[in-house]
Amino acid sequence: MFRNNFKLIWRNLLRNKVTTAINFSGLTIGMAVAVLIAVYVINERQTDRTLPYPERTFRILRVSEINKEPYDIGVTSAPYAPAFKQDYPAEIEDAVRVLDGSSIVRLHDKQFSEDNYYYADPNFLTFFGIQLAAGNPETALSRPHDMVLSMDAARKYFGDPYQAVGQTLRIDNDYDATITGLLADHQPPMHMDFDMVESTLALEDAEWWSGWWNNSLCTYIRLNPGTDAIALEGKLPKFMDKYFGKDFARMGTRMDLRLQPVRDIYFESATRYDPMRHGNRQAVNVFLMAALLLIVIACANYVNLSTARAVEKSREVGIHKVLGSGRKGIISKILGESLFISLVSGLVAAQLVILALPAFDPLFGVPLKLDWSPVQLISATAGVAILIGLLAGLYPGVLLSSFKPAFVLKGQGSTGERRTAGLRKALVVFQFVLSVGLLCSTFLIQQQLSYMRNKSLGFDKEHILIMSVNSRELYANRETFRQRLKQEPGVADIAFMNGIPGGHHDATTVDVPELNQNIRMRTAFADFEFVKTLGLQLVAGRDFDPRLASDSTRAAILNERAVKDLGLTPAEALGKKILLSSFDSLPREIVGIVADYHFTSLHDAIEPLVISTSFGGGVIAVKARGDRIPQVIAAAGQTWNRISPDFPFTYQFLDERLDRLYQSESRQGAIFALFAGIAIFIAGLGMFGLAAFAAANRTKEIGIRKVIGASVAGIVGLLSRDFLKPVFIGILIATPLAWYFMDNWLQDFAYRIDIHWWVFALAGLAALLIAFATVSFQSIKAALANPIKSLRNE
């Protein structure tokens with residue numbers, strides 16, 4: 001019996017090749033995208049979820065505010081961890097410190113700049129449950145300069161990774177680190193991204209390590225079982241008063257702490273000064289919803305085409321009923337067809353994802369790892385495919401099984417057509433609501449990205465080379481570097497700074513004794529050429545002057561926002577004395593005011609900023625003349641190599657660095673464009689099938705119209721009109737929905753585009769043109785057919 005049913009299903013599918021091909025294509029594409037998104041979502045949502053005791057593990061955040069606006073700070077200093085364990089032994093089971101960074105690593109003639117170079121306490125591996133392919137996680141970081149490598153890093157230096165254990169690598173041309181372990185390839189996903197981890201024990205002798213204000217690392221604690229995290233948080237103000245009370249009194253402000261659950265770190269991207277890896281919860285949810293909607297569009301295609309054939313199949317159903325088939329038998333046959341197509345589509349989709357998965361890593365910005373075996377993936381996909389097949393085939397089965405054989409065998413099938421026409425139109429409307437919504441979202445995301453890339457930022461970002469000063473020799477000889485490089489005619493200006501636009505800007509309380517007030521400001525420490533190199537606009541006062549000795553330590557420049565927050569005009573601010581509480585023992589004089597510029601991303605509003613002429617030097621910015629950029633790069637490399645030959649010369653352009661601030665939005669735009677294209681393609685496939693069926697059903701009507709003089713254009717318009725009406729309704733419904741969704745999305749940007757009506761008009765016009773092109777192909781084909789053939793049997 002099963003074999004007979006299968007043969008019947010197969011015969012029916014082959015008899016309707018166009019419909020079968022459209023359903024198979026739509027379901028395969030929809031399920032392939034859904035499986036791909038599912039892999040991405042599972043990867044993202046599993047981050048930090050499989051760590052040991054995640055419910056008891058927290059990161060210590062500092063809580064500060066800038067002018068009554070609170071914010072969290074992700075980094076703390078080294079003394080926090082031992083102080084916590086000492087002061088709260090009943091509450092805290094363990095603590096660990098993690099410091100991210102970069103280092104120059106050398107083995108003989110191989111030398112690389114390693115950006116994912118971490119330092120961590122000896123208990124780091126066991127604290128986070130990190131597995132080793134070689135070595136003992138309990139002792140791998142137990143001595144100064146012990147280190148563990150990822151398998152990829154070990155292959156890069158040694159070829160055979162297992163040959164690395166016991167070998168040494170030269171770090172920053174300063175000391176040798178001993179490899180004591182290899183990180184296993186398949187680690188639980190977490191918010192850290194490291195290739196090399198060195199023990200912090202060697203750092204304990206550094207002077208900065210014991211300073212409470214040297215905030216540069218992340219501190220994690222694990223609570224004892226039964227400890228109430230909220231109760232412990234309530235004790236932390238006393239902890240801060242114990243270690244910072246005198247500093248708080250001197251600064252006139254305070255800072256507190258909170259416990260951040262480790263499971264929340266990955267998706268809490270609003271934390272400032274956070275060096276760890278972060279995901280985008282909104283993007284995950286939106287992509288998941290979009291994938292589900294693509295499946296729904298594909299299912300709608302199946303229902304549409306199945307119900308469109310209801311009249312044709314009603315005669316077959318009537319015969320089956322006359323021959324004794326019951327309603328359940330008819331439903332099972334129709335469900336069998338949908339299940340067969342859905343299962344085959346699902347299996348093909350799973351295989352496509354397995355083959356293509358690595359190619360999508362750049363699109364999503366994360367490595368898409370599939371820990372399932374092919375059998376597990378195919379089994380899961382088959383389960384979903386069965387569910388989709390049941391949903392897609394249930395309504396057509398119930399509808400067709402309800403037809404009365406007496407009516408359909410007499411040719412009275414128009415009742416079935418009337419019952420299904422309204423549903424088909426509703427499903428077409430639904431498909432184009434989703435398609436046009438995705439298309440509108442794609443246009444608006446691209447507009448916002450273009451706006452961010454092209455908006456005037458208040459400084460000159462073009463033709464500026466950025467180099468990190470990672471060499472002691474270069475830092476000590478920075479003036480020699482400047483003077484030698486300035487001999488290249490293409491160099492306009494050179495500045496050494498901490499506080500490059502788009503990078504880290506610390507914050508401090510700024511006291512203004514004359515006004516008896518203090519406010520929190522961002523800081524940028526730089527040399528005398530900072531303003532010139534970045535092309536900042538002075539609105540009052542003057543630039544730093546190297547001829548004035550006082551300017552090297554006792555001068556400051558504010559931005560307009562800082563002046564406004566002080567309640568002054570730019571002219572009134574000049575000459576005022578200020579004190580940077582975290583850095584100064586003597587006051588500085590405000591010598592200039594610069595126009596506000598965007599020193600952070602456009603997600604954030606411009607904050608008060610103080611620019612000072614000390615503590616600078618972590619970054620070199622070289623302003624090049626546009627016609628000599630290759631010569632400037634070559635000269636910078638040669639000058640670098642003369643002064644610091646043991647450290648590789650690396651650079652980036654400032655405009656490219658700023659573009660990377662919006663990588664997440666760029667990926668969202670690309671993925672939305674992909675979704676919109678797929679949605680319209682699937683909807684277009686369905687419309688193509690419906691148009692083909694409608695043209696076939698109206699063959700005689702078209703023949704009669706042509707005989708009595710109807711033109712080809714008139715017939716095309718007649719056939720197209722019925723299909724374009726639901727598309728137009730879909731556009732009308734999608735417009736306010738897309739506007740609402742994208743208006744909420746744009747709220748994440750302090751500086752954003754206005755949403756204009758023409759975006760929706762353009763998306764709607766594109767959808768109408770695509771729909772018309774799809775339908776007109778079948779309409780023109782029908783209109784050009786010979787009417788004699790269609791009327792021969794009349």
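Report follows, based on the coordinates. (Residues numbered from 1 in each chain as written. Predicted model: local features only at pLDDT ≥ 70, side-chain atom pairs only at ≥ 80, totals over all residues. Heavy atoms only, no water.)

1. What to know about the overall build of the chain
Then, in step 1: Scanning the chain for helices and strands turns up 26 helices and 22 strands.
Then, in step 2: Here the chain holds 794 residues, and 50% of them are scored as buried.
Then, in step 3: A total accessible area of about 35400 Å² is found for the chain, and carbon and sulfur atoms account for 57% of it. (Helix = DSSP H or I, 4+ residues; strand = E, 2+ residues; numbered from the N terminus. Buried < 20%, exposed > 50% of the residue type's maximum accessible area, 1.4 Å probe, protein only. Areas by Shrake-Rupley, 256 points an atom, 1.4 Å probe, with all protein chains shown as cover.)

2. A short note on the nonpolar core
Then, in step 1: Phe287, Phe364, Phe530, Leu536, Ile611 and Phe675 are the most contacted members of the largest nonpolar core, which totals 110 residues.
Then, in step 2: Excluding anything up to four places from it in sequence, Leu536 contacts Gly458, Phe459, Phe530, Val531, Val594, Tyr597 and Ile611.
Then, in step 3: Among the nonpolar cores identified, the runner-up in size contains 25 residues, and Ala78, Tyr157, Ile171 and Leu203 belong to it. (Core = buried A, V, L, I, M, F, W, Y, C linked by side-chain atoms within 4.5 Å. Contact = heavy atoms within 4.5 Å.)

3. Remarks on unusual backbone geometry
Then, in step 1: Despite not being glycine, His108 has its phi angle at roughly 55°, a positive value.
Then, in step 2: Within the secondary structure, His108 is located in the loop between strand S3 (92–107) and strand S4 (110–120).
Then, in step 3: Here the phi dihedral of His145 falls at roughly 65°; this positive angle occurs in a residue that is not glycine.
Then, in step 4: Structurally, His145 is set in the loop between strand S5 (132–134) and strand S6 (146–150).
Then, in step 5: Look at His145 and you get partly exposed, because its relative accessible area is 23%.

4. Some words on the environment of Glu65
Then, in step 1: Residue position: Glu65 is located in strand S1 (residues 57–66).
Then, in step 2: On the basis of relative accessible area, Glu65 is assigned to the partly exposed category, the value being 38%.
Then, in step 3: On a C-alpha basis, the gap between Glu65 and Ala507 in space is 9.6 Å, while along the polypeptide they are 442 residues apart.
Then, in step 4: Once residues lying within four places of it in the same chain are set aside, the contact partners of Glu65 are Pro70, Tyr71 and Arg520.

5. Description of helix H5 (residues 151–158)
Then, in step 1: Residues of H5 that are buried include every one of Met151, Ala153, Ala154, Tyr157 and Phe158, and no others. Seen end-on, H5 carries its buried residues on one side only, within an arc spanning 160°.
Then, in step 2: Backbone geometry just downstream of H5 places Gly159 in the positive-phi region, at approximately 80°. (Arc of directions from axis to C-beta.)

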